[in-house]
Amino acid sequence: MGNKDLELGFEKILEGNREWVDFVKQDESGRFQQLAKGQSPEVLWIGCADSRVPANEITGKKPGEVFVHRNIANMVIHSDMSMLSVLDYAVNVLKVKHVIIAGHYGCGGVAASLSRQQFGVIDNWLCHIKDVYRLHAAEIDAIENHEDKVNRLIELNVKEQVFNLCTTSIVQNAWKDRDDLAVHGMVINIGTGELTDLGCTFTSNEDLGEVFAYK
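Residues numbered from 1 in each chain as written. Predicted model: local features only at pLDDT ≥ 70, side-chain atom pairs only at ≥ 80, totals over all residues. Heavy atoms only, no water.

### A look at the sheet that holds strand β2 (residues 66-71)
Strand order in the open sheet made by the five strands is β2-β1-β3-β4-β5, with mixed pairing throughout. The open sheet has two edge strands, β2 and β5 (195-197), and neither has a second partner. In this sheet, neighbouring strand axes are inclined to one another by 25° on average, regardless of whether the strands run parallel or antiparallel. Two strands pair when backbone bridges link them, and strand β4 (residues 182-188) and β5 are joined in this way by three bridges, in the antiparallel orientation. Bridged to Ile188 within β5 is Leu195. Lying over the sheet, helix α4 (residues 81-93) contacts β1 (43-48) and β2, oriented at roughly 170° with respect to β2. Each of β1, β3 (98-104) and β4 is contacted by helix α8 (residues 146-166), which is oriented at about 160° to β4, the strand it contacts most. (Pairing = 2+ DSSP bridges. Helix = DSSP H or I, 4+ residues; strand = E, 2+ residues; numbered from the N terminus. Axes fitted to C-alpha atoms, helices over the stretch in contact; angles between N-to-C directions. Contact = heavy atoms within 4.5 Å.)

Here it is in C-alpha cells:
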C-alpha cells in the first residue's frame, strides 16, 4: 500500500485477529469447537448499521446466539431481498424464537430523514423513513426540541418496522405452524447501553388489522 495510514490501519485489523485467535486457542470450554459445527441462535436482531450498536454486546450474548441483519436505520422494506432472505433463513431454518427490531437514539439516518438536504444514493433509502414521519407528522411537528423530535421519530420508526415485519408472509406463515415466535421493538441508549422495550410485541397476526392478516 502506498498510504502509510492505510497500511497501519490494515495491520491493526490483522493484529486484532491474531489476538482473537490466541483467545480462542486458550479457551478450554469447547464452545468455539462447537460453534464450528453449526449454529442454533434463538434471536434474530435487525438493527442499525451504526458501529456503536453491536448486537451481541448489547444483549450480553455469546457468539452463535444472535443472528444479525443490519442496515441504515434498522428498516424492514418489503422488497428488500437481503432482509427477506435473512428473515426466511432465521425463522424457517434456524427456528429463532425472538425477532428484535432495534433502533437507537441519536440515529443519523433518522435525523437525516428530517432534513431537506441531499446526501446521495442514501436519499432513496431515507424516503422510507420520511414515510414514517408523514404518518406521524402532527406529533413530530409538535415537538419543539430537535433532538427530542429525532428521538421520537426513532421510536415511531421502530414500531412501524415491527409492523412491516409482522405483515411479511414469512412471519405470518410461521405463526400458522408455531406459537413460539415473537417480534419485538426496542431502542438503545448508546450512552448508557440500556435496551428499552417499546411495548409493541406481536406473537400472532390477530392485532395487525384485517387487511394485513393473511388467512
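### Brief notes about the side chain of His104
Take His104: it is sitting in strand β3. Accessibility expressed as a relative area gives 1% for His104, which makes it buried. Once residues within four sequence positions are removed from consideration, His104 is found in contact with Cys48, Asp50, Arg52, Val53, Asn74, Ile154, Val187, Ile188 and Ile190. (Buried < 20%, exposed > 50% of the residue type's maximum accessible area, 1.4 Å probe, protein only.)

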